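# Structural overview for review
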Amino acid sequence: MCGIAGLVARSPVNQSLFDALTVLQHRGQDAAGIVTCQNGKLSMRKDNGLVKDVFHTRHMRKLHGNIGIAHVRYPTAGSNSSAEAQPFYVNSPFGIVLAHNGNLTNAEQIKQDLYREDMRHINTTSDSEVLLNVLARELQRQGKLKLDHQDVFDAIQRVHRWCRGGYAVVAMIVGFGLVAFRDPNGIRPVVFGSRETELGKEYMVASESVALNVLGFELERDIAPGEAICITEEGQLNTRQCADNPSYSPCLFEHVYLARPDSLMDGISVYKARMRMGEALADKIIAERPEHDIDVVIPIPDTSRTSALELAMKLGVKYREGFVKNRYIARTFIMPGQKQRQKSVRQKLNAIDLEFQGKNVLLVDDSIVRGTTCKQIIEMARDAGAAKVYFASAAPPVRYPNVYGIDMASADELIAHERSVEEIQQQIGADWLVYQDLDQLVNATRGSKSQITNFDASVFNGEYVTGDIDDAYFARLDAERNDQAKSNSELNDSEISLHNSV
Ligand SMILES: O=P(O)(O)OC[C@H]1O[C@H](OP(=O)(O)OP(=O)(O)O)[C@H](O)[C@@H]1O
Ligand SMILES: NC(=O)CC[C@H](N)C(=O)O
Ligand SMILES: [Mg+2]
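Definitions and cut-offs
Residues numbered from 1 in each chain as written. Chains lettered and ligands numbered in written order. Predicted model: local features only at pLDDT ≥ 70, side-chain atom pairs only at ≥ 80, totals over all residues. Heavy atoms only, no water. UniProt positions renumbered as here; feature names shortened; annotations may be inferred. 1 Å grid on protein atoms, 1.4 Å probe; cavity = no way out; pocket = protein on both sides within 12 Å on 5 of 7 lines; lining within 4 Å. Helix = DSSP H or I, 4+ residues; strand = E, 2+ residues; numbered from the N terminus. Buried < 20%, exposed > 50% of the residue type's maximum accessible area, 1.4 Å probe, protein only. Near = heavy atom within 4 Å. Polar contact = N/O pair within 3.5 Å; in protein donor to acceptor, adjacent residues only side chain to side chain. Areas by Shrake-Rupley, 256 points an atom, 1.4 Å probe, with all protein chains shown as cover. Sits in = over half its atoms within 2 Å of the grid points. Pairing = 2+ DSSP bridges. Axes fitted to C-alpha atoms, helices over the stretch in contact; angles between N-to-C directions. Left-handed = near helix turned anticlockwise from the far one by under 90°. Contact = heavy atoms within 4.5 Å. Nonpolar A, V, L, I, M, F, W, Y, C, P; charged D, E, K, R; others polar. Points joined across faces, edges and corners; volume = space filled by probe spheres on them.

### Some thoughts on the UniProt feature "binding site: Mg(2+)" (unreviewed entry) in the chain
The UniProt record annotates "binding site: Mg(2+)" (unreviewed entry) at Thr303, Asp365 and Asp366. Annotated residues spanning 64 residues; largest pairwise C-alpha distance 7.6 Å, indicating a single compact cluster. Set against the largest pocket, the annotated residues that line it come down to Thr303, Asp365 and Asp366. Here Thr303 shows up in the loop between β16 (296–299) and α10 (305–315). On the accessibility criterion, Thr303 (13% relative accessible area) is buried.

Right, here's the structure in full:
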């Protein structure tokens, strides 16, 4: 899922971009980068690590300029080499840098075509470097020394024709300004906003509205599927629909887990969506077990809290924080390897025994993906003395890989893949397991007001909105990105990194 941000301001943007990245850190913990531009010169700092570890004062001081873009990475393609940290840079035409959230499903094909048609060399295994080179090629084809926004929109229109998959992109073109665009299905999110200053209007683009809030920008709106926006270095904003057949199918999993609850995404409050998920799940529990014997509802921090509280209220059962989260351990699901994820659950969560002793507890999580969290948590609940341990997931079983920017590449790693709910219940060691139904999840996410009728729910129903996913693709993805493959491909720091790091 990665986080992207871009700023066109009237004063230096380095600190604001850093701040934006800290607010988007939950979208990517593996690498971070910032590029700024001043007088036609780009300055970049990117590396593996958390935002606070990548940028030191000496780096920040050298990130000059009133315009820039930034990225936090959670790899879904390529390797974990620091050369694949983003933004990516290409020198021709103009000097372009690009930051990408998502995953191209036809990156390999594009790579070959770019070489054949344009003699372009892609050095890393990152799909984002491919995307940058498609944009570069299409801008080059304009054959102009001075671009105007229509030239840029025309180029992006052709980028959409090349690319399949999910992509929310922010790029900076030297001598022109900032560009942001979203895939024609709107799978990955991106918003923009503005703020008035004494020196004039400033613009910001970000994966989530919370980054705008924290930096004092007013949310203008989501970028529409297929739409592009340009903000020139002088602060002139233009927008245009650049896709031939756009359709609105945003990722449902953003609302389940990925996004922060205080974000507004495609006009939907993530917080309210999660509250409604809890209510809907309570309805299902009441329908299935009207005579239930649940003594206490306990969330699995952090993300499930919002749903669990509503669920408890609707059930009329006590809500208790039975697990304490270590605030210094990050999100486990988006960690790169299974060993690390397994170890981190125990480091991250600890039970308060008195909330469990002799009680029938209902543990609530937002989702069960590999089952890493719930297995250990159920054990912990039993060790803490629970009489019965029930488990509820605010999302339906995750049975299919994700190909649009969430690292769930291998079906075999998903605990629900080809398993019935009873089998999963047994696997995780729960006395009862209940999942949200997909229809209910969609209704809960939409609420009563949203215009959105379709979501990318591929991880739940195996339907891929881009229509280009077949068994051969899955086989390739699995071979490249299953846990074994990832642990075999050691950190490759010999990869050439085309950037002028500061
Ligand atoms: O079945 P799994 O493979 O374990 O994945 C699902 C779990 O991972 C996530 O938590 P995470 O710790 O990443 O983040 P959170 O603190 O935001 O809940 C999610 O909220 C579930 O708890
Ligand atoms: N999670 C993402 O959005 C990843 C972006 C890109 N595919 C990468 O691996 O760097
Ligand atoms: Mg969690």
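We are not done yet, so read on.
### Observations concerning the site of ligand 1
By nearness alone, 17 residues border ligand 1, and Thr303, Lys348, Asp365, Asp366 and Thr373 come closest of all. Here Phe333 contributes a backbone N or O atom positioned 2.7 Å from an oxygen atom of ligand 1. The side chain of Lys348 places a nitrogen or oxygen atom 2.6 Å from an oxygen atom of ligand 1. Here ligand 1 loses 97% of its free accessible area of 500 Å² to cover by the protein chains. According to the grid-proximity analysis, the pocket containing ligand 1 is the largest pocket.

### Remarks on helix α1 (residues 14–23)
Within α1, seven of the 10 residues are buried, leaving the element largely enclosed by the surrounding structure. Looking at α1, one finds that the buried residues are Asn14, Ser16, Leu17, Phe18, Ala20, Leu21 and Val23.

### Brief notes about the sheet that holds strand β10 (residues 200–206)
Judged by pairing direction, the sheet is antiparallel, and its seven strands sit side by side in the order β3-β2-β4-β1-β10-β9-β11 without closing on themselves. A strand with exactly one partner marks an edge of an open sheet, and here the two such strands are β3 (41–48) and β11 (218–222). Neighbour to neighbour, the strand axes of the sheet diverge by 15° on average, direction disregarded. Bridge analysis of strand β1 (residues 3–8) against strand β4 (residues 67–73) gives six bridges, and the strand direction is antiparallel. Paired with Gly3 across the bridge in β4 is Val72.

### A short note on the packing of helix α9 (residues 270–288) against helix α14 (residues 438–446)
Axis separation between α9 and α14 bottoms out at 7 Å; the angle between their running directions is 145°. Of the two possible hands of crossing, α9 and α14 adopt the one that is right-handed. Between α9 and α14, the contacting residues are Ala273, Arg276, Met277 and Ala280 on the first element and Gln440, Leu441, Ala444, Thr445 and Arg446 on the second. Residue classes in the contact of α9 with α14 are distributed as five nonpolar, two polar and two charged.

### Some thoughts on unusual backbone geometry
Pro93 follows Ser92 through a cis peptide bond whose omega is -5°. Looking at the secondary structure, you find Pro93 in the loop between β5 (88–90) and β6 (96–104). Going from Pro301 to Asp302, the amide bond is cis rather than trans, its omega being 10°. Following the sequence through the fold, Asp302 ends up in the loop between β16 and α10. If you check the backbone angles, Asn39 has positive phi at about 45° while not being a glycine. With respect to the element layout, Asn39 can be found in the loop between β2 (31–38) and β3.

### Considerations on the layout of surface pockets
Approximately 1200 Å³ is the volume found for the largest pocket. Forming the boundary of the largest pocket are 50 residues, of which Gln29, Ala330, Arg331, Thr332 and Lys348 lie nearest the centre. Going through the elements one at a time, α1, α2 (51–54), α8 (252–258), α10, α11 (338–348) and α12 (372–383) are the ones with two or more residues in the lining of the largest pocket. Counting residues per element, the lining of the largest pocket draws most heavily on α11, at six residues. Classifying every residue of the lining of the largest pocket gives 21 nonpolar, 15 polar and 14 charged. Of the voids in this model, the second largest pocket is the one considered here, and its volume is about 830 Å³. In this structure, the second largest pocket is lined by 41 residues; those nearest its centre are Thr76, Ala77, Gly78, Glu480 and Arg481. Counting only elements with at least two residues in the lining of the second largest pocket, the list comes to β6, α4 (107–118), α5 (127–140), α11, α16 (471–481) and α17 (483–488). Here the lining of the second largest pocket is composed, by residue class, of 11 nonpolar, 17 polar and 13 charged.

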